[in-house]
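Listed here are the chains, written in short residue letters.
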Amino acid sequence: MGQEVLVLNSDFEPLNVCHFRRALTMVYLGKADVLHENQNRVPTIEGDMVMPSVVKLRHHVRRPLPELKLSRRTVFARDGFTCQYCGLQSKDL
């Protein structure tokens, strides 16, 4: 029973993949809704629950934007390895 579940943000942006026990806990506490289920069932105290494969969070989670590291290589990659003075395109600028 080592199944993984895809966790989506409230705007359907993929956040991460978690274990099905964590997903069941979020659904049981009302923090997430099940979007897709598997055929497998999980026994619980209140009865069998269908095992989710995709859950969506009810509240939006803000993720920090990845920081762009400014270096010579990233500037050349951004410009397509083209010299801004003469227009020469080469990997050895």
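Please refer to the structure placed before this passage.
Residues numbered from 1 in each chain as written. Predicted model: local features only at pLDDT ≥ 70, side-chain atom pairs only at ≥ 80, totals over all residues. Heavy atoms only, no water.

Q: Looking at this structure, I do not really get the packing of aromatic side chains. What am I missing?
A: Aromatic ring pairs: the centre-centre distance and the angle between the two ring planes describe each pair. Following the criterion strictly, the structure yields zero aromatic pairs and no others. Sitting over the ring of Phe12, Lys56 keeps its end group 5.4 Å from the ring centre. (Phe/Tyr/Trp six-rings, centres within 6.5 Å; stacked < 30°, edge-to-face > 60°. Lys NZ or Arg CZ within 6 Å of the ring centre and 35° of its normal.)

Q: What is the right way to look at the sheet that holds strand β1 (residues 4–8) in this model?
A: Strand pairing in a sheet is mediated by backbone hydrogen bonds. Such pairs are either parallel or antiparallel. On the basis of which strands lie adjacent, the open sheet formed by four strands has the order β2-β1-β4-β3 and mixed pairing. The sheet terminates laterally at β2 (14–19) and β3 (32–44), the two strands that pair on one side only. Adjacent strand axes in the sheet meet at a mean angle of 35°, parallel and antiparallel pairs treated alike. Sheet topology places β3 next to strand β4 (residues 47–57); nine bridges connect them, and they run antiparallel. Residue pairing in the sheet places Arg41 in a bridge with Val50 of β4. Along the sheet, helix α1 (residues 20–28) makes contact with β1, β2, β3 and β4, crossing β4 at roughly 90°. (Pairing = 2+ DSSP bridges. Helix = DSSP H or I, 4+ residues; strand = E, 2+ residues; numbered from the N terminus. Axes fitted to C-alpha atoms, helices over the stretch in contact; angles between N-to-C directions. Contact = heavy atoms within 4.5 Å.)

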